[in-house]
Each structure stands twice: as C-alpha cells, then as structure tokens.
Amino acid sequence: MLALTGTGIGRRVAIGKAMVLDRSRQEIPKYEVSQDQVHSEIKRFQSALARTRAELRRIQEEIPDHAPHEANAFIDVHLLMLQDPVIAEQPVRAMEEHSYNAEWALKTQADTLVEFFRNIEDPYLRSKKDDVHQVVNRILEELMIENDPPAAALDGNLAGRVVIANDLTPADAVTLHHRGITAFVTSLGGPISHTAILARSLGIPAVVGLHHAVQYFHNGDLLAVDGQTGTVLVGLDQTLLTEFQQRQSNQAKREQQLSALRNEPAITCDGYTVNLLANIELPEETDTLERFGANGVGLYRTEFLFMNRTEPPDEAEQYEAYRDVLDALTGPITIRTLDLGADKQVDGGRADGATKINPALGLRAIRLCLSEPTLFRPQLRAILRASMNGRARIMIPMLSSLSELEQALEIVREVKHDLAREGIEFDSKVPVGGMIEVPAAAIAADLFANRLDFLSIGTNDLIQYTLAIDRIDDEVNYLYDPLHPSILRLINNVICAGREAGIPVSLCGEMAGDPDYTRLLLGLGLVEFSMEPTRLLEIKERVRTSEREKLMGQTQQILECADPAQLRMMVDQLNRDGEQKYELVP
Ligand code: PEP
Ligand code: MG
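All of these numbers come straight from a predicted model, not from anything done at the bench.

Reading the values: rules and limits
Residues numbered from 1 in each chain as written. Chains lettered and ligands numbered in written order. Predicted model: local features only at pLDDT ≥ 70, side-chain atom pairs only at ≥ 80, totals over all residues. Heavy atoms only, no water. Helix = DSSP H or I, 4+ residues; strand = E, 2+ residues; numbered from the N terminus. Buried < 20%, exposed > 50% of the residue type's maximum accessible area, 1.4 Å probe, protein only. Contact = heavy atoms within 4.5 Å. Areas by Shrake-Rupley, 256 points an atom, 1.4 Å probe, with all protein chains shown as cover. Lys, Arg positive; Asp, Glu negative; His and termini not counted. Charge placed at Lys NZ, Arg CZ, Asp CG, Glu CD. Near = heavy atom within 4 Å. Donors = N, O, S within 2.8 Å, 3.2 Å for Na, K, Ca; no water. Disulfide = S-S within 2.5 Å. pLDDT = per-residue confidence, 0-100.

1. What to know about the overall build of the protein
A tally of helices and strands in the protein yields 25 helices and 16 strands. Referenced to the eigenvectors of the C-alpha coordinate spread, the extents of the protein come out at roughly 80 × 60 × 45 Å. For the protein, the proportion of its 586 residues judged to be buried stands at 53%. Restricting to contacts in the protein with at least 6 residues of sequence separation, those with at least 24 account for 70%. Carbon and sulfur atoms provide 50% of the accessible area of the protein, an area that totals close to 26,200 Å². Computed over 59 positive and 87 negative side-chain charges, the separation of the two mean positions in the protein equals 4 Å.

Put into structure tokens, the structure is as follows:
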C-alpha cells in the first residue's frame, strides 16, 4: 500500500477508481501479451508509427514559408529516425521474441539507442539523444492515447472516478462536477485556490498540492481520498477499505446530527444573533442553501457564469440567472460584480497565449470592469433589473483606491439613470457594498465605509496580498496564516471602521467557514459570516456554544500578543473553552 499526502480539501473521504489525465507523465506500461496477440500488437505498433509519420508531415506542411530553414530540417531528422531500424524494426523483434507489449518493446530499444548517443564524444552528435527521446515520446503518445484517450475522459460520466491531474482550473472543476466526479487529486494548487474553493462548495473531496500525483497513480487503481488529512491511499487491503467505509458512514451520521441545527437560530449563549450566509458559485447551488439553513447569500461569485464558453453571457442571460437566484431564496443575495482575472480565466487561460507575470496584481476584478465597461454595464443592468425579484445587494471586488470606488459608483448611478429613462423597473435602493481584500483598503477601511452601504472582508486575497504569498502556489502555502498578527489587526480595523460608520461588515473568505476561527472572529465583533453552505451547520454549532462578551475581552489580549506561538495557544484555548460545558447539538 502507498500513502501520499498533499493538502486536503473538503473534509470528506471518498473511495473511487483513478483516472489519470496527464498522459505525458504517466509510467510506460509493461506487460506480456499472449502468443496469439503478438501479431495484433505488432500491427498496433506499426499503425502508431504511421500516425506519428503523418502527424510530422502535417506539421511540416504547416510551417510558414518564411520560417528558418532549420524548422524543416528538424522535422526531416525526426522523419528519418522513424525509419531507423532501431525504432521501426527492433521493437517488432522484441515483441516477437519476448511477447512485450508495444510500448515496452519500443522503450527498451530506444533506451539502447539513447545510451549509444550519450556515450559519443562529439557534443553535436551527443545532443541527438534528445531527438530520439522526442520521436519515441511521440510514438508512445500515439500508442497510449489509443487505449484510453484522456481528452474523452472529461466527456463521460465520472461517477466513481477520482481524477488525477497535474492541475485543474476552476472551469475544469465545474465540468467535472457536472460529470458526477467522486473526488480529484492534483499535483499543484493550494487550499484557497478557486479550484479548491469550488471543490468545497460543490462537496467534492479533493487533495491538492500532492507533488507528482500523476506519476504515482494508474488508471483503474482503487484509491481512498481523505479530504480532511490530505492523504491518498492506493493498494488498500480489505481492513483499510472497511475503515474508510466506516469513516464515510460516520461522516453521514455527523451530517445527520448537525442537520438538527438547521432550523435553530444562530445565537450565542449570551444572546447575540449572528447572521450566517452562504457563498455560491453556480446558480444550481441554491438548493443546498435550503438544506443547510443559510439566511441568504453573502457572496455570489458571478464570474463562474462566464466560464467554459467562448462568448460572455449577455444582459438577458445574466438577468435570468440573477433573477432565478433571487426568486429561489428569501434572504439578502449579495451579487459580486465580475472578479475575473488571476486564476479565474474563462477557459483557465488556455485560449489567450499571453502569460501575465503577476496576474494576481494585474487587470483583475473591478480593474478589469472599469477598463471594459462593455462587461461591467450589462452586468449592473442585469443585477438592477433582477433586484425587483428579491433582496439584491451589489458588491464590488478588489477595491484598492477611492478613485476606483468613485468611478464604479458613478457607473452604477449612470446605469440606474439609463434604466429609469428606458422605463425599466429596478429597486433604486439596492445596497452597494465593497470587498475589503487589498491591504490598502483594509488600512483605510474608514474611507471606504463612509461611501458604501456594507463591507465584506475577503480574507483569501487579504492574506495573499498582505503576506505576499500567491494563493495558488503550493510551494508557499505554508506561509498562509490567518492568525498572522497583521491579518488580525487588519480584520479588526475593518470591523471597527464598519461599526463607526454604522454599516454592516461581513467576512466571506475561507476563514469564515473554519470553526477554528469562529470564536476569534466573534470576539473581534464580527456578526455576519459567509461561507460554503456545507460549512454552515458546524459554524452554527460553534456560535451556539460561544459567549460573545467573554470572547471580546479574550480577543483583545490576543490582538496585543506579540509572540506568535503564544497567540496560537490563546486561540486554541478559546476553542477549548466550555467544551464539556455545552452540548454541541440540541
Ligand atoms: C476572498 O478573497 O476572500 C474572496 C472571498 O474572494 P475570492 O476567493 O473569490 O477571491
Ligand atoms: Mg477575493
């Protein structure tokens, strides 16, 4: 059995069969074919050779006339190599003599050839070993693709499948969810990447940042994925399998137990009411809100409407989407205006070849909307029109300066004016709030609070920008620290600014859905939390076992604590307080 660990997402466990999507990094299969299959195995090899040849010729034809002469010569070398007996004939002999499968027969012969080139003294000829690699990899790709084409994998039903990939974009995660995927594992990625957030929201257990995941697993391996600890097990024996099945059933029991809290109020022991809202990405998630008893939506990430398509949705399509969400739910629905950019590209960034060096610091969110009013205005019109169907709130992401805010507010005013002139109905009092997720805005939160109807703290980005760690880079994830004194002070500053301006402040980053931070945030004075719906009941349980007044005193000491280790211990102590005193569920 092999146990590998990355970062767990979603706290659930799942059992399923591996489906590896990164063919290029997969191990070359080695097996023996039966005597009567040798002939067809040789044919399979020869047809892969023919396809490789055809592909190289096609590439050659597409080389533009003005391309340097070397481009053609380079492909000629590869075409010649395809005819070399070591590549074209010796693998056939190895198949006949040892009954090797085609891939393995090719690999063994190619290794000999590479070794030969490696030992040549002339540096030019020695470098030819790279060409051998490239040609052999092309043939291998042809051979391996024909067995189980990875591109087709995403088209089928993925129930019972654990997809293993180098990386998945948020757009991929949406597709996988629609195909009924059981779990996924990626080599890259961190816990607050948008792909991870989406996995949590959609209830897909996942492990991200499991380095070289695609090399460890093979199609069809039975895997146990633990979203809580980040462990993936392969080659499980019956005992472990039973243990995992037991954990799945305990999980179901715990969920059942928590569901008793669904209609209970979120009130602290000393009588303070806390507003628990949900974050949604897809309109279909409104069903889940009902199940977990959310009071409304604190963050609707509308950019997901724009993904997996070539054209952005027009005003009419957006109007219908927002109207449906508003119709389906009674509480406030906070519709965040487009936050595209950085790791949220419509197609995962594949179509646009230009790679930005620092996309998280680039033309993202409100910056993109202000530079492209053709994206921003139809969205604002759609939200305002839909506001007749419920309690809509507009929320502007990633504000960093007041002038940006003033421009955005001016466009909102203009759009309202246009609608009124056209005789289209909308709620003229729709609250307009802003996300505080850039340190500059958190430090000057009072200035923003004076111009907005509400604030929402986006700790995912606030932590990324304050601590200078890329939220999707698993190599620096260890620095992601919601308890960093600077983060706690910024959160405190925003809550105080909201209180002084007399406007509500909510928190909609991942921190809001982690019960380890609930008491700390209550102590800082937060009374509105927005999170993935599946986290809601556990947070409610925490709220109902907390004494806010007492927490406020304890949290002041935490804010003043200069020693990070001691600070952590004080937070642990908050979480342990009253553990025996309160019964967790009624
Ligand atoms: C955040 O940054 O905390 C947030 C909620 O927004 P997103 O994760 O979509 O960037
Ligand atoms: Mg954000």
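2. Points about the site of ligand 1
Taken together, 17 residues lie near ligand 1, and Arg301, Arg336, Gly458, Asn460 and Arg471 sit nearest. Protein burial of ligand 1: of its 290 Å² of free accessible surface, 100% is covered by the chains. Among the secondary structure elements, those contributing two or more residues to the shell around ligand 1 are helix H10 (194–201), strand S10 (297–301) and helix H20 (459–466). At three residues, the largest contribution of residues to the shell around ligand 1 is made by H20.

3. Structural notes on the coordination of the magnesium ion (ligand 2)
Donor atoms from the polypeptide that bind the magnesium ion (ligand 2) are Glu437 (OE) and Asp461 (OD), placed at 2.1 Å. One end of the pair, Glu437, is in the loop between strand S13 (432–436) and helix H18 (439–443); the other, Asp461, is in helix H20, with 24 residues separating them in the sequence. Residue class for Glu437 comes out buried when judged on its relative accessible area of 2%. With relative accessibility at 2%, the residue Asp461 sits in the buried group.

4. Thoughts on the state of the cysteines
Inspection of the entire model under this criterion finds zero disulfides. Free of any disulfide, Cys496 has its nearest neighbouring cysteine sulfur in Cys561, separated by 19 Å.

5. Notes on the confidence of the model for the protein
Mean pLDDT over the protein stands at 89; residues scoring 70 or higher make up 92%. Predicted confidence for residues 148–153 stays below pLDDT 50, and this span has eight contacts to residues more than four positions away or in other chains. Counting contacts from residues 348–353, a segment whose pLDDT is below 50, to residues more than four positions away or on other chains yields four contacts.

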